[in-house]
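# Close look at the chain arrangement
Chain residues, written in single-letter form:
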Amino acid sequence: MEMKKKSVENIAEVFKKSKRIAITSHLRPDGDSICSSLALALMAKSLGIEAEIINKDNTPFPFINMPDVKRIKIGQISPQGFDMVILLECANVSRSGQKNLDAYFKINIDHHHSNDYYADINWVDPHRSAVAELIFILGETLGIRFTPQMADHLYCAIVSDTGSFQFSNTNAKAFEICHKLILLGASPIKTSEFLFNNNSPEKIKLLGLVLSTLVINKKGNIASITMFKKFLESLNLKEIDTEDITTLARSISGIEIVLFFKEMQKDTFRVSLRSKGNACSACIAERFGGGGHMNAAGFTAKGKYEILKKEIPAKIEKLLTKPLHLNYSKE
Ligand SMILES: [Mn+2]
C-alpha cells in the first residue's frame, strides 16, 4: 500500500512539472481507456498543461460519438515534443502499438494483474475495477477541481469496465468512487443511455438473426450461436461489436460457456468463448490452438459448418468434466 501511494504521489509531482504530455492506451481501445484518457486530458488542461491523446487504433462505437472524441488523434506519438508519455492499461509498450517511446519519460498506469513494470514510474493496482479509478485518485492527489464533464467520463469508464456493475471486478471501492463522481456531477442516466440504449436498428436485427441460430447441448451447459457473413451483408453492416449478443446467450440459466462462431470465409470460423465461474475459456481454446483469458478466449476452426457445430461442443463438453487448471487471470 505504501508503495502504491508513493507511485501516485510521484506521478502527481512529475505531472505538475510538465508542460506538454502525451496520453496513449492499448490497441483496440475500450470504454475505460478512452474515457479515462479524455478525463486525464481535461485534468491536465485545468492545470494549464497541454495534453494530447494519441492512440494507434480507432475509437470504437459508441465512444466515437462522444462530443469531445475529436481530442483523440490516431497514429504514432512523435519521437520528440512531449515532457512525458502516460500509458493507460498497457502491460508493456508494445501493447500500445507506439513505436517512438524509447527516449521518453514514461508513466504506466494499469489495473490488470499482468504488467511488465516497464516505465519510469509504474502504478499498477489490480484491485481497482477500472483504470478510471486510478485517474480519479491521481486527480484528487493533484487537487483537481473536477468538472461534471471529467466526472462523467470517469463514471462512464467504470460503468463500461464493470459491465454496469455486473462483472467480477465490481467492488465497494468502485461504488465509493462512483458515489463521489455523481456528487461531482456525473449523470448515471446519461451514461446508461449512451452505453446501452444507443443501438442502430440494424444491430438489433442482427441480434435476432444470430440468436435464431442458438443451439444448446443436451446437458444444458454449452450454448452455440453463429454469425454468418450473409447476416452482415443483408443488413449492410461491416464490423460490429457483438459482445452483447454473447452476453445474452450466456444469460441462459445453466449455461457455463458460450461458443460464438463467426464465419470469416467459406469453411473458416473464428470461435469466441465466453464462460462463467470456473469454466476456463483459455484452457479450452488452447486445446484448439487458440488462447485468451479465464472467461474470454478464442480460436480458429476450419471445416464444414455442419460438422464443426456438432464436433466442437461435443469435445468441449468432455473437457468441461475434467478439472482444468485455473491459473489464468480473471479479466
Ligand atoms: Mn480497464
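About the criteria used
Residues numbered from 1 in each chain as written. Predicted model: local features only at pLDDT ≥ 70, side-chain atom pairs only at ≥ 80, totals over all residues. Heavy atoms only, no water. Helix = DSSP H or I, 4+ residues; strand = E, 2+ residues; numbered from the N terminus. Buried < 20%, exposed > 50% of the residue type's maximum accessible area, 1.4 Å probe, protein only. Contact = heavy atoms within 4.5 Å. Areas by Shrake-Rupley, 256 points an atom, 1.4 Å probe, with all protein chains shown as cover. Lys, Arg positive; Asp, Glu negative; His and termini not counted. Charge placed at Lys NZ, Arg CZ, Asp CG, Glu CD. Axes fitted to C-alpha atoms, helices over the stretch in contact; angles between N-to-C directions. Parallel < 35°, antiparallel > 145°, perpendicular 65-115°, else oblique. Left-handed = near helix turned anticlockwise from the far one by under 90°. Nonpolar A, V, L, I, M, F, W, Y, C, P; charged D, E, K, R; others polar. Donors = N, O, S within 2.8 Å, 3.2 Å for Na, K, Ca; no water. Domains from an automatic or database assignment. Salt bridge = Lys/Arg side-chain N within 4 Å of Asp/Glu carboxyl O. Phe/Tyr/Trp six-rings, centres within 6.5 Å; stacked < 30°, edge-to-face > 60°.

As a further point, take the overall build of the protein. Summing up its helical and strand segments, the protein has 11 helices and 12 strands in all. Looking at the protein residue by residue over its 331 residues, the buried ones come to 50%. Looking at the protein alone, contacts between residues at least 24 apart form 62% of all its contacts between residues at least 6 apart. For the protein, the computed accessible surface area is about 16300 Å², with 53% contributed by carbon and sulfur atoms. Averaging the locations of the 43 positively and 36 negatively charged side chains of the protein gives two centres separated by 4 Å.

This part takes up the packing of helix α4 (residues 148-161) against helix α6 (residues 188-196). For any two helices packed against each other, the geometry is given by the interaxial angle and the distance between the axes. Two elements in contact, α4 and α6, have axes separated by 10 Å at closest approach and are oriented at 55°. Between α4 and α6, the crossing angle belongs to the class labelled oblique. Both α4 and α6 take part in a crossing whose hand is right-handed. Together, D152, Y155, C156, V159 and S160 of α4 and P188, K190, T191, F194, L195 and F196 of α6 make up the contact between the two elements. Broken down by class, the residue content of the contact of α4 with α6 amounts to 7 nonpolar, 2 polar and 2 charged.

Packing of helix α3 (residues 131-142) against helix α5 (residues 172-183) leaves a shortest axis separation of 11 Å and a crossing angle of 55°. Classified by the angle between their axes, α3 and α5 sit oblique to one another. Of the two possible hands of crossing, α3 and α5 adopt the one that is left-handed. Within the contact between the two elements, α3 uses E133, F136, I137 and E140 and α5 uses K173, A174, I177, K180 and L181.

Turning our attention to the coordination of the manganese ion. Donor atoms from the polypeptide that bind the manganese ion are D32 (OD), E89 (OE), H111 (NE2) and D161 (OD), placed at 2.0 to 2.3 Å. Mapping the donors of the manganese ion onto the primary sequence yields the spacing D-x56-E-x21-H-x49-D. With E89 in the loop between β4 (84-88) and β5 (106-110) and D161 in helix α4, this residue pair connects regions lying 72 residues apart in the sequence. The same class applies to E89 and to D161, which are both buried.

The domain architecture assigned to the protein consists of domain 1 (2-196) and domain 2 (201-321). The C-alpha-based centres of domain 1 and domain 2 are spaced at 32 Å.

Here the structure, examined in full by the defined rule, presents 14 salt bridges. Among the salt bridges present, the one from K73 reaches E52, with a minimum N-O distance of 3.0 Å. Remark: E52 occurs in strand β2 (residues 50-55) and K73 occurs in strand β3 (residues 72-74); sequence separation between them is 21 residues. Exposure remark for K73: the relative accessible area of 41% places this residue in the partly exposed category. Across the pair D267 and K304 runs a salt bridge whose closest N-O atoms are separated by 2.9 Å. Of this pair, D267 sits in the loop between β9 (257-265) and β10 (268-275) while K304 sits in the loop between β12 (296-302) and α11 (305-321), placing them 37 residues apart in sequence. A relative accessible area of 26% places D267 in the partly exposed class.

Turning to the packing of aromatic side chains, a few remarks are in order. All told, the structure shown has 12 aromatic pairs when counted by the stated rule. Ring centres of F261 and F269 lie 6.3 Å apart, and the angle between their planes is 80°; on these two criteria the pair is classed as edge-to-face. What makes F261 buried here is its relative accessible area of 1%. The interplanar angle of 85° and the centroid separation of 6.3 Å between the aromatic rings of F261 and Y305 together place this pair among those described as edge-to-face. Here the residue F261 occupies a position in strand β9, and Y305 occupies one in helix α11, the gap between them amounting to 44 residues.

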